[in-house]
Amino acid sequence: MSGDHIHAEPTNFFRKHVFSVDHKVIAKQFLWFGLVWLGIGGIMAMLIRWQLANPGDPVPVIGSFLFPRTGGVIDPATYNTLFTMHGTIMIFLGLTPLIIGCVGNWAIPLMIGARDMIFPLLNCLSFWTVFAGGCVGFYSLFVPLGATEAGWTGYPTLSTTVNGLGSGETLWAIAVFLIGASSIMGGINYMTTVIRLRAPGMTWGRLPLTVWGLFLTSALNVLFIPVIGSAMLLLIMDRVFGTTFFVPASIMQGGGGGDPILYQHLFWIFGHPEVYILILPAWGIIGDLLSFFARKPAFGYRAQVGAMTAVTVLSAVVYGHHMFTTGLSAMLGESFMLLTMIISVPAEILFFSWLHTIWRGNIRFTVPMLWSVGVIFVFGLGGLTGIYCATIGTDIFLHDTYFIVGHFHLTMAASALFAAFGAIVFFFPKMFGRMMSPLLGKLHFWLTIIPLVSVFCMMFVMGYAGMPRRYYDHTSMEFLASLQHMNKAATHMAFLLGSAQLIFVFNFIKSRWFGKPASTNPWEVGTLDWQTETPLPHYNFKDIPTVVTGPHEFSHPALPEGRDWISMTEELPSA
Amino acid sequence: MKLHTKMMQRLTSLWTSGITRASLGLAILCGMAPEALAGGKRWGPVPFASDFGYRFEDLFWLITWLCVGSFSIVVIMILIPSVRDRYKPGRKAHFDHGASLKDKRLATVISAATFLVLDAWVLVIAMTDLREAWWNIPESEEAGVYEVEVLAQQWAWNFRHKGADGKFGTADDILQMNELTVPNGRSVSFQGTSKDVIHSLFIPAMRFKKDFNPGDINSVWFKPITAGNYTILCAELCGYAHYQMFGELHVLESDTFDNWAADASELGVAAYDSEDTEARWAWDWKE
Amino acid sequence: MTSAAISLPKEGIKSRVNTTLGMVFFIGSWSMSFGTLFLAFAVLRQRSGVWPPVGIALPSLPMATLATAVLIASSVAFHRALQGIDAKDSNAVRADGLGLPWIIGLVTGVAFALLQGWLWMDLMAAGRNPSSGLYESLFYGLTWVHALHVGIGLLSLLWATIGLAAGRYGSHRFSTINNIVIFWHFVDVVWIVLYLAFFIF
Ligand code: HEA
Ligand code: HEA
Ligand code: CUA
Ligand SMILES: [Cu+2]
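The shown structure was predicted, so the numbers you read here are calculated from the model rather than taken from an experiment.

Asker: How do you make sense of the overall build of chain A when you look at a structure like this?
Answerer: Counting secondary structure elements, chain A contains 18 helices and zero strands. By the compact-globule yardstick of 25 Å for 575 residues, chain A fits well, its C-alpha radius of gyration being 24 Å. Seen through its principal axes, chain A has C-alpha atoms that stretch 75 × 55 × 45 Å. Within chain A, the proportion of its 575 residues that are buried is 71%. Only carbon and sulfur atoms are counted for the fraction: they give 69% of the accessible area of chain A, which is about 16800 Å².

Listed below in structure tokens is the structure:
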């Protein structure tokens, strides 16, 4: 039935570009939304770095505009707000919209051969909910008595008492709640779509890895975002209605009896799956891209899917490794350590597969390929440093130092972000009908990866030397002042990193309107999204394609001379 | 337009020459050079001064070498194909799904080996360390255990010693703020909680940290092996002056310490104010 | 909306499965969210020595039991009503009116909401408010979140009622009302757990 849940092409501007239910438009909305927030979070990162290198100096140029009250100086409260909102924004409003919202909306229907998401209206609602969450979060920066200052983890009792009369922290919690609600809607939509709307012949074993990653991420979203949702509700009640879920009796006059550690459990039951929510699509994306550009089948496709699934399952049972110093019992601590270490096995299988995918390939180092290979490199660094964190003996020292900051930036801010960049460049020609400049793309890649690795590897040294994170100023005591030179060096690199992003912004905007027109299948790959015309018709596929071949049959021996790829809708010639 | 294309071409050729890329990378790394060359800087942690400090160092470097090893393999396996298998028109990539029995066996063996060798190695040592050191909190009855109660608050550390009578919560208790004096060579055992928000007692030179949560008492211990002064930090975000919540640990040789303690206890009695309920926090030592 | 005089075909199995599957994921997700609240309940309750606290006014057990019975009745009634609707073709639903089970379901649903309100008022009148202590935190906090879902459920049911009366829903568009009723069952189950947690164990 070709009329499967089709909505008519909208004619008025609002239905077409604003409250659109078309997954392609929503993907672009998520893209712009995510990029703008990435920019805001990036500017915050630059302010953080400025303060760390030059504590108490007024921020040049933009300082007096941003912090007029202090003449451009970042005060400690503002600094706390900055890193809290930087973390929250980057994770929930930067990366999530890009790698799940944009890539998911774009890739899922097109790659599985569907005309749209299964619940288009829910999809639209999902975007506008995250948009509302973004607005609340942004607004919270300007309320009287200040914005949130309790870290992106928002631990009580700091988060229940910090600017107790103000609404900053409460609005932060509301924003997280709304953003979470959006992710759940997206998750339900993606899962149902993948299960129900695959084109004929698109078996689970033929799903592109990107779709697999997004599918597993959606499962985690659906299961674990509700946990943070509830935790936020309890936090809001504590702040607004005087309940005492997280406030112990010892610090309340009468009443009380709550437990601040309970919040940490709830937060990390969500928080740990959240980090895999960000990395799973990245793994999927690079699993595909490495194969596409090495012109070789994805090595160990089933093993990769199995490894990703194993991580998805394991992610639910390792969360305690964030709480090794909170007084967790010895038995729990050791179990969490063991379970966490087990994750290195599926991770190892993924590395094994990726490295064998490019081995003896015919590698085209296009920009998406550079980002993908970059992910192997930076995720190697980020993942391996996870082992130090997982080992209690070392984490007792390294916890809450810059070592942890280095670890999670290399996994999230490098690996997941690189995969997002790769995916954007990869899907760009189909999205906008134009190519992004490869020259600028390569420049952007090199000028990102080199300073990025230096900044965050520098943080390992700082952390090992004992520098705690979330410190406004490391020069006020001798012990840390002797490490300040590393802060300075990291800041120089970070500024270079930040400026390099302008290349991307320029490339993106220029190519969007003036780029070289793209052909239908510029990367010469076989997945369904590239077999459609450019620009895409409203319903993606005139006729739903029938899939007969896997997604990665590159360089098949039976292929004719001069051609190393085959569409998923074409039968492989018999050899 | 023409000029633009020309410049682009120039740039491309410049960029594609490996030398440019290498020197660019070098230049960026040199961005750090001025800082690196300046003297009087520290690049690592202060030497450990607790008896289990070596355990942290050993474990840290064990993991480091294992990681350097694994990561080198990863980098080599990126570099070889990146150079050798670059795109050449007309050449076909090796067609292989990696689904053969041989590949499956290889993957299984490698992952089993990484787990059984690398992870298990680290795990076994870590478990031993935990049981013998960090979690092996000395009991009060053990000879020579020195006990300290800690009350963290925004933004200060309050330490309480038993004083001359050997009991907490009495007039002769020694109270210290942002300063802690302990005897060298004896196990120092802490019990701590917080008045307001979560704080974390972090003594880098002793290689441990522990959160002190409101409404709950946590224990931690260490045994100093070198007399001297060390920094105490707060490692859990606790608000505005989190970064200034630091103190100093004085480890004194035992005879100096005994003199200090006797004097301090007397001073404590003198300064004792039965009206000051704020200062009378203390609890019965928990076993 | 336009009311078709002709008999529309029943909603196809494919569409029913699609929407129900989405609903199943939604319920799974929401179970996690209430599961979190119950986890918090279990942990906090286990931490406090005496439970329930003695010497203070507690919510009324008979009234809560009545509320539970009323809510279960409501769920059962809606279940019946759906069976009836699915058996008919759509015009018949309109012609026959909404049917008794549906009306009973609605009335009992609203009755539950009123009883819940009464429980709060009663407790407030006894001077126990959300900031009085841990028990109150838990009782008000958890029932508030539940009540929010009761509210949303009732509004959706109202929407479904209007739609049914107008012939918009029926066996030709079954998934929507089916999902609303599934949601209502879920609200019911959560209440039963709340009831057991606060009043029985
Ligand atoms: C995308 C995000 C992401 C990813 C993928 C990971 C991956 C991992 N993380 Fe990380 N982590 C974070 C994001 C992420 N983390 C964040 C945000 C925080 C801090 C939050 C905060 O406090 O603010 C954090 C904090 C954190 C902690 C708490 C530290 C602390 O606060 O004290 C721990 C502890 O165990 C940990 C462990 C791990 C492990 C073991 C992995 C593993 O999945 C890594 C697996 C990968 C490898 C192991 C490398 C590849 C394997 C090989 C090359 C084979 C050979 C290797 C071996 C056999 C060892 N992480
Ligand atoms: C995905 C998540 C993510 C990302 C991408 C980043 C990116 C960066 N982060 Fe951040 N960071 C976190 C997540 C992230 N961070 C979290 C969770 C915390 C913990 C917070 C807490 O403790 O509570 C943290 C904390 C944190 C700290 C510690 C603060 C402290 O503890 O005191 C520091 C310090 O250097 C830092 C630095 C940086 C830098 C230099 C970057 C650079 O990589 C930034 C480079 C800039 C960009 C990547 C911007 C790119 C912009 C565009 C491409 C714009 C496009 C725009 C348009 C088209 C309009 N971060
Ligand atoms: Cu106390 Cu940070
Ligand atoms: Cu984790």
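And the narrative resumes.
Asker: Can you help me understand the interface of chain C and chain A in this one?
Answerer: Accessible area lost on assembly of the parts is the figure often given for the size of an interface. The interface of chain C with chain A comprises 30 residues on the first partner and 31 residues on the second. Here chain C and chain A share an interface that buries about 2500 Å² over both sides, 74% of which is from carbon and sulfur atoms. Linking chain C with chain A are one salt bridge. Linking Arg47(C) and Asp259(A) is a salt bridge whose minimum nitrogen-to-oxygen distance equals 3.6 Å. Taken together, the links from chain C to chain A amount to five residue pairs in polar contact (both at pLDDT 80 or more). At the level of elements, α1 (13-47) and α5 (134-165) of chain C are the ones that each hand at least two residues to the side of chain C that touches chain A. Tallying contributions element by element places α1(C) first for the side of chain C that touches chain A, with 19 residues. Partitioning the side of chain C that touches chain A into residue classes produces 17 nonpolar, 11 polar and two charged.

Asker: Would you mind going over the sheet that holds strand β10 (residues 247-252) of chain B with me for this structure?
Answerer: Whether parallel or antiparallel, the strands of a sheet pair through hydrogen bonds between backbone atoms. All names here are of chain B. The strand order across the open sheet formed by five strands is β4-β10-β9-β6-β7, and the pairing between neighbours is mixed. If you trace the sheet from one side to the other, it starts and ends with β4 (179-183) and β7 (208-212), each paired once. When the angles between neighbouring strand axes are averaged without regard to direction, this sheet yields 25°. The pairing of strand β6 (residues 199-203) with strand β9 (residues 228-234) spans two bridges and is classified as antiparallel. Residue Phe 202 lies in a different strand from β9, and its bridge partner there is Leu 233.

Asker: Got a minute to help me understand the site of ligand 1 in this structure?
Answerer: Close contacts around ligand 1 come from 31 residues, with Trp152(A), Tyr276(A), Asp395(A), His399(A) and His407(A) the closest. Among the chains of the assembly, those with residues near ligand 1 are chains A and B. Within the backbone of Ala390(A), a nitrogen or oxygen atom sits 3.1 Å from an oxygen atom of ligand 1. Arg469(A) has a polar side-chain atom sitting 2.8 Å from an oxygen atom of ligand 1. Going through the elements one at a time, α9 (260-294), α12 (344-358), α13 (367-390) and α15 (402-432) of chain A together with α5 (101-134) of chain B are the ones with two or more residues in the shell around ligand 1. No other element matches the seven residues that α13(A) contributes to the shell around ligand 1. In the shell around ligand 1, the residues fall into 17 nonpolar, 10 polar and four charged.

Asker: Even after reading the chapter, I still don't get the interface of chain B and chain A, so can you show me in this structure?
Answerer: Taken together, the 93 residues of chain B in the interface contact 111 residues of chain A. Across the interface of chain B and chain A, roughly 9200 Å² is buried in total on both sides, 71% from carbon and sulfur atoms. The largest contributions to the chain B side of the interface with chain A come from Arg42(B), Leu237(B) and Tyr243(B), which together make up 8% of the buried area. Run the count over chain B and chain A and you get one salt bridge. Glu334(A) is the partner of Arg131(B) in a salt bridge, and the nearest nitrogen-oxygen pair spans 2.4 Å. Seen at the junction of chain B and chain A, the total is 26 residue pairs in polar contact (both at pLDDT 80 or more). When contributions to the side of chain B that touches chain A are tallied by element, the ones reaching two or more residues are α1 (2-16), α2 (18-30), α4 (53-84), α5, β7 and β9 of chain B. Considering only residue class, the side of chain B that touches chain A consists of 51 nonpolar, 20 polar and 22 charged.

Rules used in this analysis
Every chain is numbered independently, its residues counted from 1 as its sequence is written. Ligands are numbered from 1 and chains lettered from A, in the order in which they are written. Only residues with pLDDT of at least 70 are given local features in this predicted model, and only at 80 or more are side-chain atom pairs given and counted; all residues enter the totals for whole chains, interfaces and linings. Side-chain numbers come from the whole structure's heavy atoms, not from hydrogens or water. Helix and strand definitions here come from DSSP, where helices need a minimum of 4 consecutive H or I residues and strands a minimum of 2 consecutive E residues; each element is numbered from the N-terminal end. Only C-alpha atoms enter the radius of gyration, while the globule expectation follows 2.2 Å times N to the 0.38, with N the number of residues. The rule is simple: take the accessible area with a 1.4 Å probe, protein chains only, and divide by the maximum for that residue type; under 20% is buried, over 50% is exposed, in between is partly exposed. All accessible-area figures derive from a Shrake-Rupley calculation using a 1.4 Å probe, and residue coverage is judged against the displayed protein chains alone. Whether two residues are in contact is decided by their heavy atoms, any of which lying within 4.5 Å being enough. Accessible area, probed at 1.4 Å, shrinks when two parts are joined; the buried area is that loss added up over both. Just to be clear on terms, a salt bridge is a Lys or Arg side-chain nitrogen sitting within 4 Å of an Asp or Glu carboxyl oxygen. Polar contact is the term for a pair of N or O atoms within 3.5 Å; when the atoms are in protein, one must be able to donate a hydrogen and the other to accept it, and sequence-neighboring residues count only if both atoms are side-chain atoms. Residue classes follow a fixed rule: Ala, Val, Leu, Ile, Met, Phe, Trp, Tyr, Cys and Pro count as nonpolar, while Asp, Glu, Lys and Arg count as charged, and any other residue, Gly among them, counts as polar. Only when DSSP finds a minimum of two bridges between them are two strands counted as paired. For every element, the axis is a line fit to its C-alpha atoms; helices are fit only across the contacting stretch, and the angle between N-to-C directions ranges from 0 to 180 degrees. A single heavy atom is enough: if one lies within 4 Å of a molecule or strand, its residue is considered near that molecule or strand.

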